Amino acid sequence: MKTLEDFNFENKKALIRVDFNVPLDAEFNVTDTTRIEAAKPSIIKVLEDGGSAVLMSHLGRPKGERNPDFSLEHICKTASEILGVQIKFVSDCVGEIAETAVANLQAGEVLLLENLRFHTAEVSGDSGFAEQLSKLGDIYINDAFGTAHRAHASTTVVAKFFEENKCFGHLLAQEIESIGKVMETGEKPVLAILGGAKVSSKITIIENILDKVDHLIIGGGMTYTFIKAQGGQVGNSICEDDKMDLALNILRKAEDKGVQIHLPVDVIAADDFSNDANTQVVDVDKIMNGWQGLDAGPKTLENFKEVVLKSKTILWNGPIGVFEMANFAKGTISIGNFIDEATLNGAFSLVGGGDSVAAVKQFGFEDKVSYVSTGGGAMLESLEGKTLPGIAAIVK
Ligand code: AMP
């Protein structure tokens, strides 16, 4: 796996695919700078070597239209402040105007290209468009994990025009390493905690992960399909009746593979899907009609704590309850606290995929786990065992 450290960028122009798809407010101010900060180390390495950086990204979904609301020019000021370098901007990402701007770029300078998705050829992965992009740098760096699962021109196709001169940026390399620590080289016992709403959206992950882990905690809305499939009463809890066979199959497979599955034993049941609902702690398989399980109960959390604390490698994807409502956030917060404690005791912990990062940020666990993934969809696909096209394009 080639990384930035394999190259010296002196007098070289690095074409870097970054993820500057940041949220903007109505006045086009950047409201969350995390992704820009995450891209900084790779850009700085290029500049410190004595090279220059040509940054390409998408912003939103302009769908091929040159819509000024989606111009990357809006983020120049913030990105310049974060990088400590005055960023130059060019109003297209390909063609003469972009090529001239790159030709005029001096060592130590940074150029930001206009939104890649002003061209439909970006998302369709057009080879001619990728070739035009490839003219804008000597070395291609992919540092955008959030789009690594897309075979777009700038994330995947462009790499073929760089032969040996391509590598992962720091951020993408960290993501790959972290996933590898869980899926390949993790110290045992390895634990995955899977929550979230539906079995159907996590099934491929569960099946793939059964070959990698020693323990699997299943929580959140997924619980009830498993409990009902085993003959339990789940009341009005979220449940996918058509996935019950699948759930039983997972339990059988886990047993065959020697994976211990831990399901909730008690839950906080509510008489409405509302923060103001009446609540009761009940056994997970005896939820009354008209009631629904919205969070893990106290005995469950004790059990989960024991499993988390004895694990040396921990992956967490998906909330354990309806964390958006304060009265049903305790399970998710507790899991975060257990992982914090395990991490302090030397475990490696990775959080990522879908909504998990939102939960982790909301409760301030970002600095307490070993690594928080920056890619929602890309992380989920990695956990499903898929080879991400953006990664494959660099590795081969
Ligand atoms: P996912 O995107 O699949 O990770 O699902 C995240 C969503 O699952 C969050 O919005 C949670 O509110 C929801 N969730 C977690 N536990 C439950 C539950 N017991 N009942 C309904 N929704 C849940």
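Read on for an overview of the structure. Small disclaimer: the values here were computed from a predicted structure and weren't measured. (Residues numbered from 1 in each chain as written. Predicted model: local features only at pLDDT ≥ 70, side-chain atom pairs only at ≥ 80, totals over all residues. Heavy atoms only, no water.)

## Let's talk about the sheet that holds strand S11 (residues 266-270)
The pairing of strands in a sheet happens through backbone hydrogen bonds and is either parallel or antiparallel.
Part 1 of the argument: Taking strand neighbours across the sheet as the criterion, the three strands line up as S12-S11-S14 in an open arrangement whose pairing is antiparallel. The strands lining the two open edges of the sheet, one partner per strand, are strand S12 (279-283) and strand S14 (292-296). On average, each strand axis in the sheet is inclined to that of its neighbour by 45°, with strand direction left out of account.
Part 2 of the argument: Here S11 runs beside S12; their pairing, made up of five bridges, is antiparallel. By the bridge assignment for S12, Ala 269 is matched with Gln 280. (Pairing = 2+ DSSP bridges. Helix = DSSP H or I, 4+ residues; strand = E, 2+ residues; numbered from the N terminus. Axes fitted to C-alpha atoms, helices over the stretch in contact; angles between N-to-C directions.)

## Structural notes on the site of the ligand
Part 1 of the argument: Of all residues adjacent to the ligand, which total 15 residues, the nearest are Ala 197, Lys 202, Gly 221, Gly 293 and Glu 324.
Part 2 of the argument: The contact in question runs from an oxygen atom of the ligand to an N or O atom on the side chain of Lys 202, over 3.2 Å.
Part 3 of the argument: Looking at the shell around the ligand, the elements that each hand over two or more residues are helix H7 (199-209) and S14.
Part 4 of the argument: The residue inventory of the shell around the ligand, partitioned by class, reads six nonpolar, six polar and three charged. (Near = heavy atom within 4 Å. Polar contact = N/O pair within 3.5 Å; in protein donor to acceptor, adjacent residues only side chain to side chain. Nonpolar A, V, L, I, M, F, W, Y, C, P; charged D, E, K, R; others polar.)

## Concerning the packing of helix H1 (residues 34-49) against helix H2 (residues 76-83)
Part 1 of the argument: Direction vectors running N to C along H1 and H2 enclose 55°, while the axes themselves pass 10 Å from each other. With respect to H2, the axis of H1 lies oblique. The two elements H1 and H2 meet at a crossing, and its hand is right-handed. Contacts from Ile 36, Glu 37, Lys 40, Ile 43 and Ile 44 in H1 reach Thr 78, Ala 79, Ile 82 and Leu 83 in H2.
Part 2 of the argument: For the contact of H1 with H2, a count of residues per class yields six nonpolar, one polar and two charged. (Parallel < 35°, antiparallel > 145°, perpendicular 65-115°, else oblique. Left-handed = near helix turned anticlockwise from the far one by under 90°. Contact = heavy atoms within 4.5 Å.)

## Some words on the pairing of strand S8 (residues 215-218)
Part 1 of the argument: Of the two faces of S8, the one lined by His 215 and Ile 217 and the one lined by Leu 216 and Ile 218 are each fully buried.
Part 2 of the argument: Where strand S7 (residues 190-194) lies against S8, four bridges are found, and the strand directions are parallel. Of the residues in S8, the one forming a bridge with Ala 192 is Leu 216.
Part 3 of the argument: Crossover connection from S7 via H7 to parallel S8: handedness right-handed.
Part 4 of the argument: Here S8 pairs with strand S10 (residues 260-262) via three bridges, running parallel. Bridging across to S10, Leu 216 finds its partner in Ile 261. (Buried < 20%, exposed > 50% of the residue type's maximum accessible area, 1.4 Å probe, protein only. Right-handed = clockwise from strand over helix to strand, strands pointing away.)

## As for the sheet that holds strand S1 (residues 13-17)
Part 1 of the argument: Pairing in this open sheet of six strands is parallel, and the strands run S3-S4-S2-S1-S5-S6 from one edge to the other. Every interior strand has two partners, whereas the edge strands, strand S3 (88-90) and strand S6 (166-168), have only one. Across the sheet, the axes of successive neighbouring strands diverge by a mean angle of 25°, strand direction being ignored.
Part 2 of the argument: One ladder, built from three bridges, connects strand S2 (residues 52-56) with strand S4 (residues 110-113); its direction is parallel. Bridge pairing links Leu 55 to Leu 112 in S4.

## Description of the side chain of His 152
Part 1 of the argument: Within the fold, His 152 resides in the loop between strand S5 (139-142) and S6.
Part 2 of the argument: Ignoring anything within four residues of it in the chain, the contact list for His 152 reads Arg 117, Glu 122, Val 123, Gly 125 and Val 157.

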